Structure formats: C-alpha cells, structure tokens
Amino acid sequence: MPQKVKDDARLLRLLIDDPEEGIRSLQREYGGLILSIAARVLRGYPQNAEEVAADVLAAAWQNAEKLQSQGRMLAPWLTVTTRNRAIDRLRREKRRPVQELDEELFLPGDEDPSEGEELIGLLVEEMPEPDREIFLRRYYRQETTQEIAQKLALTPGAVKMRLSRGREKLRQLYLCEMRKEQEQ
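Here is a short report on the structure shown in this document. (Residues numbered from 1 in each chain as written. Predicted model: local features only at pLDDT ≥ 70, side-chain atom pairs only at ≥ 80, totals over all residues. Heavy atoms only, no water.)

## A word on the nonpolar core
Point 1. Leu26, Tyr30, Ile34, Leu42, Leu74 and Leu78 are the most contacted members of the largest nonpolar core, which totals 26 residues.
Point 2. Those elements that provide at least two residues to this core are α1 (3–17), α2 (19–41), α3 (46–70) and α4 (74–93).
Point 3. Of the residues forming this core, the biggest block, 9 residues, is contributed by α3.
Point 4. If sequence neighbours within four positions are ignored, Leu78 has contacts with Leu26, Tyr30, Ile34, Val56 and Ala60.
Point 5. Phe135, Leu136, Tyr139 and Ile148 belong to the second-largest nonpolar core, a separate cluster that totals 16 residues. (Core = buried A, V, L, I, M, F, W, Y, C linked by side-chain atoms within 4.5 Å. Buried < 20%, exposed > 50% of the residue type's maximum accessible area, 1.4 Å probe, protein only. Helix = DSSP H or I, 4+ residues; strand = E, 2+ residues; numbered from the N terminus. Contact = heavy atoms within 4.5 Å.)

Next up, the structure:
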C-alpha cells in the first residue's frame, strides 16, 4: 500500500476516533493546500478563504467514515470540496462573478463533490509530473498559464499544449472508467 494511502487512512481513523486531534493533524497535512485553493478562488477576501478552509475541515470530519469505507484518497476529495465551496461562497457574496472554465473539465459548485468529480480528481492525482502540477494550478488554484509557466520554468505555449493534451487524455480515461462502472 503506498505511503500516501496509509497516511490518509491514519488521518481518517484519527478524525473518527479523536476529532480534535484529527482536525489538527488534517490541518497540518493539508491545511496549506486547502487555504491556497480557497484563497485563489476568493482573491481579495482572505476572511472568506479562512472560513471556507474551516468548513472543509469540518466536512472532512463529517464525511470521514464514508471516505474511509470507500477507501478514498484525501487530496482529491479535499481539493474538489474546497474549490466547490469557495465557488459557492463567491457566488453567495456576489461581490465578483465566478470565472468559469471554458474547458471540458468545469466542475459544478455542489456542496460535496459528485462521484464523477472525485474520479476526475483521482485521475488528475495520477497524472505524471509536471502535468499533474499544471492541472492542479490551472483548474483548482485557477492560476493563469503565464503564472504557471513562470513558476514551473516553462513557456506559456508549453503549458497550453500540456493542458490540451492532458484534457484529451483525461477525457478518454474518464470515459473508460465510466464505461467500466456501468458494466458492473
């Protein structure tokens, strides 16, 4: 069993057995990721980003048994849940319109991620580097291709090409997984 899966299983068990310590541990392990995604979606509203992060930690605690029984990895679930809740917060505030993705991977702003959204999150987690990092930065943190290119020492054209090829591969994998699921 990979180390990350063991760590996630340990965190979920801790959330169930000792919620206070579990949330502290979850925050240490994933707090930076959660806050950075929320802050990126809620640019200029740091209090809202912190509230979304707290909501996501609470949601992880509330869903810990379900996540554990399904053997889910935490990073994809937390990433999608954070993004969706931040978008919901932004819509409620109506201070700024939501920047929706033009690409095929737009994930709707439901309270909790659907199975399809979680599958996409898992498929993104399994992507090779730097494609995985590019996808996370573009679609979950909503960084521009220029920002990604600078941070990863690539050209904007290379980032766009990797996104285009990655979307197509992700689409094919997603459709394949959905067919498998329907056959079962």
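## Observations regarding the packing of aromatic side chains
Point 1. Scanning all chains against the criterion turns up 1 aromatic pair.
Point 2. For the ring pair Phe135 and Tyr139, a centre distance of 5.2 Å and an interplane angle of 55° mean the geometry is tilted. Of this pair, Phe135 and Tyr139 both sit in helix α6 (residues 131–140), separated by 4 residues, roughly a single helical turn. An identical accessibility class is assigned to Phe135 and Tyr139; each is buried. (Phe/Tyr/Trp six-rings, centres within 6.5 Å; stacked < 30°, edge-to-face > 60°.)

That's the geometry; what it means functionally is another story.
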